[in-house]
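Analysis of the macromolecular model
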Amino acid sequence: MALATTPINTLPFDIFQMIITGCREEEGEPFALASSHVCRIWRRHVLDMPLLWNRLEFATDAPKWDMLEVKLKRSGQAPLDIVLEEKVFLKSGMPRLRRIMQMIVPHVERWRLLRMEDVPHKIRRVLLDQLRGKFAPLLHRVEVVQGKKYYRTWGSRTKSTSRHWDARKIFDGAPNLRHLEWTTPEADYRLLPRFQNLLTLKMGPGTLAIKAEQFIQLVFRILSAAPALEELSLSHEPDWDDDLDIQHVENFVQPPTTHASLQLFHITMTTCVRSVILRSLILPKLRSLGGPLRGAEIDILCCKTLAQSNSATSLHEVLITGSPSGVQYQDPAPHSRLPSLPVAIIGFQSLVVLDFRHVDFGGDKWLPDLGSCCPRLKSLTLLHCTGYTVKAIRTIVEARMDSEEVESLESLAIHADWRARASVASAEEATWFSRVLKFDSGPDLSSWYGINEDSLDW
């Protein structure tokens, strides 16, 4: 009787349901089971909440089949979230798969999430084939991912036993698919579903080993077919000989295309291919090209195009390189493109992180006036750049500190090119920078190159 009058037990069921659901989201799967053993009132309420039991995880080498069956029964007609991991298939792959399929395939119309992590190729293929010709109206998210255990270096590929498998039409019966992530090495761009309602598409390292021209055409086909797409993440495994031929790639520039929804555009590829794609796009909501340290380089010409097309107003971070192919230690960008740089940077109104790499600023002539533009800028990096002076950079820092219209810089990194003495911060300058912000001067040039300063021919 005392339990019945406990304050939480006197709450209306819908309020109780909100509390328990919130706790389950915080505490995870065990909470649902624990909450069903508190008292008879709680048990009655919890068993009447199908969304507490709708996640079926096959993630251990000894699945608790009875508990999984109970959860499936208690889930009623709620949408199902299905997670499969490699461990469940290690000892007995196909027999385990058959048992899993007996449980979940009859309920394919209730699938909401299907996630497979490091699942063997053959098993993955057999399970995905269950979607072929089936209607899955609730299927919202599909994640076929490769975990850190199988992390591969750039360009290496894992042998696929399903390379002849035709992946087309798998998702034709999932008209409401919103998120597709496919980061296993045998993914085929033919796998891509009908895109009308897709919001997120991620295809990971090694999934697109196609020619640069095919890749560029694929990007535009995706954007054309998916007007609601907000995030596009692709990893191109390039034919380096073709991609380093900049003039060859320039021939693939597409007619201008506007995509009103795309916000995150993360593509791993050579700088020239990425820049060719971006120069043909108008992206008014673009916020990110991927973090600067994850290879989001664009060249100076692309920077100009982004600004002119109004695609940079919401961009938060960008890495501008003077090396067209993205390869380090190449000669700086041609001077014919540099005059457009200061004007283009003015259009980056939301920029927070700005990196320059291998850019020649022509004796401070083409150094953007960062003391008065990019009002939200917090981080500035100059890596192996030339043609600028530390004095000019200090002027920028001081101007932002004194201005009420732009925010002060919080971090500054100057990794000087060994050929540019004026770009090396003196001990006094480094001390001043370190007092007003987080300052990184890079490696000591004399120790880095094994020479002393007097022996350099500046």
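My aim in this report is to walk through the structure given alongside it, one point at a time.

1. Quick notes on the packing of aromatic side chains
- One pass over the structure, following the stated rule, counts five aromatic pairs.
- Between Phe361 and Tyr388, the aromatic rings sit 6.0 Å apart at their centres with planes inclined by 85 degrees, giving edge-to-face as the arrangement. With a gap of 27 residues between them, Phe361 in the loop between β13 (353–357) and β14 (379–383) and Tyr388 in the loop between β14 and α13 (390–402) connect regions that are remote in the sequence. Taken individually, Phe361 and Tyr388 each receive the classification buried, so the pair is uniform in this respect.
- Each member of the aromatic cluster is reached from another via a ring pair, and the members are Phe356, Phe361 and Tyr388.
- The ring of Trp432 carries Arg394 above its face, with NZ or CZ at 4.1 Å from the centroid.

2. Some words on the pairing of strand β1 (residues 55–58)
- Of the two faces of β1, only one is covered, namely that formed by Leu56 and Phe58; the face formed by Arg55 and Glu57 stays uncovered.
- Between β1 and its parallel partner strand β2 (residues 80–85), the chain crosses via helix α4 (residues 65–74), and the hand of that crossover is right-handed.

3. Focus: the pattern of salt bridges
- Summed over all chains, the structure comprises eleven salt bridges.
- Residues Glu143 and Arg141 are paired through a salt bridge, measuring 3.3 Å at the closest nitrogen-oxygen approach.
- Here Glu410 ties to Lys378 by a salt bridge, and the two come within 3.2 Å at their closest N and O atoms. Of this pair, Glu410 sits in the loop between α13 and β15 (411–415) while Lys378 sits in the loop between β13 and β14; the two residues are 32 residues apart in sequence, bridging distant segments of the chain.
- Taking relative accessible area as the criterion, Lys378 reaches 22% and is therefore assigned partly exposed.
- Connected through shared salt-bridge partners, Arg115, Glu117, Arg141 and Glu143 make up one network.

Rules behind the numbers
- Residues numbered from 1 in each chain as written.
- Predicted model: local features only at pLDDT ≥ 70, side-chain atom pairs only at ≥ 80, totals over all residues.
- Heavy atoms only, no water.
- Phe/Tyr/Trp six-rings, centres within 6.5 Å; stacked < 30°, edge-to-face > 60°.
- Helix = DSSP H or I, 4+ residues; strand = E, 2+ residues; numbered from the N terminus.
- Buried < 20%, exposed > 50% of the residue type's maximum accessible area, 1.4 Å probe, protein only.
- Lys NZ or Arg CZ within 6 Å of the ring centre and 35° of its normal.
- Right-handed = clockwise from strand over helix to strand, strands pointing away.
- Salt bridge = Lys/Arg side-chain N within 4 Å of Asp/Glu carboxyl O.

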